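# Close look at the chain arrangement
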Amino acid sequence: MRRRASAAKSSWLQDRLDWLKVRRHWMTVAGVILALILLLVLGTFAYAFATLPDPSRMDLAAGDVKINDRNGQLIEQRNAQGVRVIPKDLKEISPNLQNATIAVEDKHFKEHHGVDWGRVIKAGIVDVITRRPQQGASTITEQLAKIAILQSPQKTILRKLREAMVATALESKYTKNEILQMYLNSIYYGHHATGIEAAAQVYFGKPAKDLTLAEASLLAGLPNGPSYFDPALHKDRALARQAIVLDAMVNSEMITSAQAEQAKSEPLKFVFKENRSSQAPHFVDYVFEQLESIYGPSAVNKGGFTVTTTLDLNLQKAAEQAVAVGQKKLGPLGADNGDFLAMDPKTGQILAMVGSADYLNNDIKGEFNVVTALRQPGSSFKPYAYEEAFKSHKLTMGNILDDTSRHFAGGQFHDFDFRDMGMITAHKALLLSRNIPALETMQAAGVDNVVNFAHDMGITTQLKSEVTTAIGSSEVRLLDHAVGYGVFATGGTRHDPVSVLEVKDKDNNTLDKPNAPGGKQVISAQEAYLITYILKDYSTQWNLGWNKPFAGKSGTTNNYRDAWMMAYSPNLVIGAWVGHTGPGNQDMNGVYGSMVGSSVLKDFINNGLTQAHFNVETFKRPDGLIDGPPCASNANVSPSASPSPSPSGSSSSSSEKDLYLPGTECKPAPTPSPSPSPSPSPSDLVSPIPSIVPSGILPSPTPAPSGTPAPSGSPAASTKPS
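Residues numbered from 1 in each chain as written. Predicted model: local features only at pLDDT ≥ 70, side-chain atom pairs only at ≥ 80, totals over all residues. Heavy atoms only, no water.

## Overview of the nonpolar core
Most often, soluble globular proteins have nonpolar side chains that are buried together. By size, the foremost hydrophobic cluster in this structure holds 126 residues, and its most contacted members are Phe340, Tyr568, Ile574, Leu601 and Phe604. Once residues within four sequence positions are removed from consideration, Phe604 is found in contact with Leu315, Ala318, Ala319, Ala322, Phe340, Ala342, Leu572, Ile574 and Leu609. Core analysis: the next-biggest nonpolar cluster, separate from the first, contains 50 residues, Leu97, Tyr183, Ala248 and Met249 among them. (Core = buried A, V, L, I, M, F, W, Y, C linked by side-chain atoms within 4.5 Å. Buried < 20%, exposed > 50% of the residue type's maximum accessible area, 1.4 Å probe, protein only. Contact = heavy atoms within 4.5 Å.)

## Some points on the pattern of salt bridges
Pairing of side chains with opposite charge becomes possible as their charged atoms draw close. This model, assessed by the stated rule, comprises 20 salt bridges. Measuring nitrogen to oxygen at the nearest pair gives 4.0 Å for the salt bridge that ties Asp402 to Arg406. Residue Asp402 shares its accessibility class with Arg406, and that shared class is buried. The partner of Arg434 in a salt bridge is Asp417, and the shortest N-O contact between them spans 2.9 Å. Of this pair, Arg434 sits in the loop between helix 15 (426-431) and helix 16 (435-445) while Asp417 sits in the loop between strand 11 (411-413) and strand 12 (422-425); the two residues are 17 residues apart in sequence, bridging distant segments of the chain. Asp417 gets classed as buried once you look at its relative accessible area, which sits at 7%. Here the salt bridges share partners, and the residues they tie into one network are Asp403, Asp415, Asp417 and Arg434. (Salt bridge = Lys/Arg side-chain N within 4 Å of Asp/Glu carboxyl O. Helix = DSSP H or I, 4+ residues; strand = E, 2+ residues; numbered from the N terminus.)

## Examining the packing of aromatic side chains
The geometry of an aromatic ring pair comes down to the distance between the two centres and the angle between the two planes. For the coordinates displayed, the defined rule picks out 18 aromatic pairs. On the basis of an interplanar angle of 15° and a centroid distance of 5.2 Å, the ring pair of Phe270 and Phe272 is categorised as stacked. It is Lys173 that lies over the ring of Tyr174; its NZ or CZ is 5.9 Å from the centre. (Phe/Tyr/Trp six-rings, centres within 6.5 Å; stacked < 30°, edge-to-face > 60°. Lys NZ or Arg CZ within 6 Å of the ring centre and 35° of its normal.)

## So, helix 11 (residues 281-295)
Taking 1.5 Å per residue, 15 residues should reach 21 Å; helix 11 reaches 21 Å between its end C-alpha atoms and fits that length. For helix 11, the buried fraction is high: eleven of the 15 residues fall into the buried class. Those residues of helix 11 that fall on the buried side of the exposure criterion are Pro281, His282, Phe283, Val284, Asp285, Tyr286, Val287, Phe288, Leu291, Glu292 and Tyr295. At the C-terminal side of helix 11, Gly296 shows a positive phi close to 95°. (Expected span 1.5 Å × (residues − 1).)

## So, helix 18 (residues 478-490)
Since the α-helix advances by 3.6 residues per turn, residues separated by three or four positions end up pointing in the same direction. Taking 1.5 Å per residue, 13 residues should reach 18 Å; helix 18 reaches 18 Å between its end C-alpha atoms and fits that length. Among the 13 residues of helix 18, twelve are classified as buried, and the element is accordingly described as predominantly covered. Listed as buried for helix 18 are Leu478, Leu479, Asp480, His481, Ala482, Val483, Gly484, Tyr485, Gly486, Val487, Phe488 and Ala489. Looking at the residues trailing helix 18, positive phi occurs at Gly491, about 80°.

## Section: the packing of helix 2 (residues 95-105) against helix 6 (residues 176-186)
Viewed as axis vectors pointing N to C, helix 2 and helix 6 meet at an angle of 90°, and their least axial separation amounts to 12 Å. One element, helix 2, and the other, helix 6, form an angle in the roughly perpendicular class. On the side of helix 2, the interface is formed by Leu97, Gln98, Thr101, Ile102 and Glu105, while helix 6 contributes Leu180, Tyr183 and Leu184. Taken together, the residues of the contact of helix 2 with helix 6 break down into five nonpolar, two polar and one charged. (Axes fitted to C-alpha atoms, helices over the stretch in contact; angles between N-to-C directions. Parallel < 35°, antiparallel > 145°, perpendicular 65-115°, else oblique. Nonpolar A, V, L, I, M, F, W, Y, C, P; charged D, E, K, R; others polar.)

The structure is reproduced here in structure tokens:
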């Protein structure tokens, strides 16, 4: 027993000694690692300190910002002659502006010594929780260090460290008033205005000392995002930002709540005094907004670098010419504005962007970029509904749909021509842009399924969970719509918009060369080609006159408020919109989407692409699809998803050929059935630009029916139950 106890004690002691050795080993390893980390931190500090610029070297002059197209051609140059810098003493700057800036940018400005460590810790905690940068922690002094001394748009740990060091040095050298004065004279406010004096002149036509509380609070909110909050383009955003500034002033006890409310309600009289020369102003504005979100507005607009963009100036000129052609032809019918977008669907790169018919025309709000605005797409939304139905096997293009006026979702709906075609295939329903079958398809596919699928395709805005979304009652952006059509073009892969290829500094060093975002496979090549197979005949069906192989779809909304035409080939997606944004009634006089196709897009496709030496690729049918005739019935559709019961037969010719995913083929129709009288035959529906006056000629097939909810402020009466 004693030997066993002794042996056990010896074993325990040995284990204990082994554990202590292991512990010492790992403590040694940990000590080495901590020492290396400490050396790295100290080395970083030493390097940052050794490379610090002189804090007294305050450079308030702006450098050039050159925006080039993809081939190196200059689109626009800012700052050298454009940005105005008018330094002013602090006593010549409105106290309202000074207080507003401190309240919204750095409420502890008077207390800290360059770095607000409490704010830094809070921002760090929030960033860790959200796992991405959410909180800004830079003080006014740090911002001044960044834009006036460090002058680098790069976001790195080393730069942030140097920023804090320079800020501390500035605080030891200058008074708070001197720092605030330098900051207000060097910050960028948008519209080519650097410094508050230039901003006051550009926005309100008055000196900075005379700014009212309302004017000062609006200007104080702009440096956070001059393009995003631009009151000329996004007045609602600018006023929302102004309200944030005023509330911050109330919280800091600089003004009363009553003063804040009065300032919020005060009408602002903008003058926007500036000169500008640009070959693609809307696109440049869009690029600057992207750059500001990455590098910060002041670093970007301080200048000193060159941006190579995705734009092709040859295609841009062709797009501008096409919009002008559309205005000439459709202007007499009330279309005083239009836009155009061209995109490479294989990369998402924007090749041309015309945001309005005339950037300098204030009557049509020309500076506003309609390409990025929300508008109802009309029937151009239909392909998403049909694709969801096809890929989920709820319908095939050979299935029979009932083009007969009826109730949907509590409203009485009819088609654009107030006639019924009766029993037609889904193929022909989409090609002829019939609205009742589209609503039927939306129900078969499932409303929420279509909405979710449209988001997967690239639509980023909210869509109504309603059957009428199928025919364009929910607003979308042309930029998103082009991404969605690009999925069909590429055979199922989505590429989101890209505008910047490379950013170089004034010494030609590459600051950033963004990696092209990878595409997302949304649908299979076979599923994508089903829509292309139908829409590749759209130009021929509606006599649009295109001389190159593009698939397309038009769209028109209630009262001819919005007219769209989308088109695509395997290597190019294009889209155009026309509307009325000037004074008076916003409706146009019978302008259909197909008329945009036979004017704007026709000129771009037939003339512009040829002049730009752009080669259009042809569609190639992927393997794995099955040819077949139209269906004799809807027997192959599951009962739960089947559309309204229809009698056997089809208005389609038995010679019509459809495509099917494997296992979804239809049984052939025994005999063709004529369209019920007095419905027109399909051949009667080919006039792309109908006469506006004669009632005997059918219109183009794109407008949403009267059952589609009208734009806000003009509800359609036919949405009510009859």
